Amino acid sequence: MAKQERAIRTRRAIVEAAGAVFDEHGYTSTTIAMVLERAQVTKGALYFHFASKEALAQAVLNEQVPFGVVPPQPCKLQEIVDMTFVVACRLLDNALLRGSVRLAVDQETPAGVDHGEPFRQWTQALTELLELAGRRGELLPTVKPAETVDLLVGTFTGVQLMSRALTDRADLGDRLAVMWAHILPSIAVPGLLPGLDARADRGARVLASPEQRVAS
């Protein structure tokens, strides 16, 4: 059991180190030697878990969606809003998440790495929530969940990239508040709008809640 726990910790250390290095240097400029130095593990330990740099990059990409876990809300639209703000907050200080996001949009990521996987995972998770919101009467009858989620995922991606380029994501919460101010009136029933919280500091408040600590 102790050996298994050490293996789990070692794998996690490698993935977190790789996320940081991919974030700083991109896929092409990242080397296994950089990851080994950051993780402080042996080459044998790394290759025990990951056969190649491509496999390591895929592992980093697959870590992205769990960073959006938030406490369940009675209003599923609020839950979706919370996910975007929590991811935005975590992008400020989590190198693994930042590395995963960079790999997902990095055009130099090779064909052997499926950098579209996080987008598919986000789309599936958010579509399920939005369909549930529709069944609960939260959505306008014209809303098509799959199309709305595609728009939402694409818009969030662009907003965070622009925020990164201009302010190193310091204004990402403000930009998300503007995004939701435009999107929510076009999908939510009017009576729901006054109760939805999409203020710029929403992510910080969710992360500070006791319910979030339990959810994480």
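The following refers to the structure shown. (Residues numbered from 1 in each chain as written. Predicted model: local features only at pLDDT ≥ 70, side-chain atom pairs only at ≥ 80, totals over all residues. Heavy atoms only, no water.)

The next point concerns the overall build of the protein. What the protein contains, in helices and strands, is 11 helices and 0 strands. For 216 residues, the compact-globule estimate of 2.2 N^0.38 gives 17 Å, and the protein sits close to it at 19 Å. If one aligns the C-alpha atoms of the protein with their principal axes, the spans along those axes are about 60 × 40 × 30 Å. When the 216 residues of the protein are sorted by exposure, 46% land in the buried category. In the protein, of all internal contacts separated by at least 6 residues, the share reaching a separation of at least 24 is 70%. For the protein, the exposed area adds up to about 10800 Å²; of that, 57% sits on carbon and sulfur atoms. Taking the 23 positively charged and 25 negatively charged side chains of the protein as two groups, their mean positions are separated by 4 Å. (Helix = DSSP H or I, 4+ residues; strand = E, 2+ residues; numbered from the N terminus. Rg over C-alpha atoms; globule rule 2.2 N^0.38 Å. Buried < 20%, exposed > 50% of the residue type's maximum accessible area, 1.4 Å probe, protein only. Contact = heavy atoms within 4.5 Å. Areas by Shrake-Rupley, 256 points an atom, 1.4 Å probe, with all protein chains shown as cover. Lys, Arg positive; Asp, Glu negative; His and termini not counted. Charge placed at Lys NZ, Arg CZ, Asp CG, Glu CD.)

Taken as a whole, this structure holds 14 salt bridges when the rule is applied. For R98, the salt bridge is made with D23, and the minimal N-O distance between the two is 3.1 Å. A residue pair is termed long-range when its members are at least 10 positions apart, and R98 in helix α6 (residues 95-105) and D23 in helix α1 (residues 2-29) qualify at 75 residues. A relative accessible area of 18% places R98 in the buried class. Exposure remark for D23: the relative accessible area of 10% places this residue in the buried category. (Salt bridge = Lys/Arg side-chain N within 4 Å of Asp/Glu carboxyl O.)

Next up on the list: the packing of helix α5 (residues 76-93) against α6. Contact geometry for α5 and α6: axes closest at 6 Å, N-to-C directions at 105 degrees. Taken as axis vectors, α5 and α6 run roughly perpendicular relative to one another. Contacts between α5 and α6 involve V87, R90, L91, L92 and D93 from the former and A95, L97, R98 and V101 from the latter. Of the residues contributing to the contact of α5 with α6, the split by class is 6 nonpolar, no polar and 3 charged. (Axes fitted to C-alpha atoms, helices over the stretch in contact; angles between N-to-C directions. Parallel < 35°, antiparallel > 145°, perpendicular 65-115°, else oblique. Nonpolar A, V, L, I, M, F, W, Y, C, P; charged D, E, K, R; others polar.)

Let's shift gears to the nonpolar core. In this structure, L56 and W180 are the most contacted members of the largest nonpolar core, which totals 62 residues. Mapped by element, the contributors of at least two residues to this core are α1, α2 (32-39), α4 (53-61), α5, α6, α7 (117-135), α8 (145-167) and α9 (172-187). Residue contributions to this core peak at 9 residues, all from α5. Non-local contacts of L56, meaning those with residues more than four positions away in its chain, are made with I14, A18, F22, I32, V35, L46 and F50. (Core = buried A, V, L, I, M, F, W, Y, C linked by side-chain atoms within 4.5 Å.)

Looking now at the environment of E5. Secondary-structure assignment places E5 in helix α1. Taking the C-alpha atoms as reference points, E5 and P145, 140 residues apart in sequence, are found 41 Å from one another.

Counted under the stated rule, the structure contains 1 aromatic pair. With a centroid separation of 5.8 Å and 5 degrees between ring planes, the pair formed by F22 and Y27 is classed as stacked. A single burial state applies to F22 and to Y27, both of which are buried. Here K53 stacks its cationic end above the ring of Y27, 4.2 Å away from the centre of that ring. (Phe/Tyr/Trp six-rings, centres within 6.5 Å; stacked < 30°, edge-to-face > 60°. Lys NZ or Arg CZ within 6 Å of the ring centre and 35° of its normal.)

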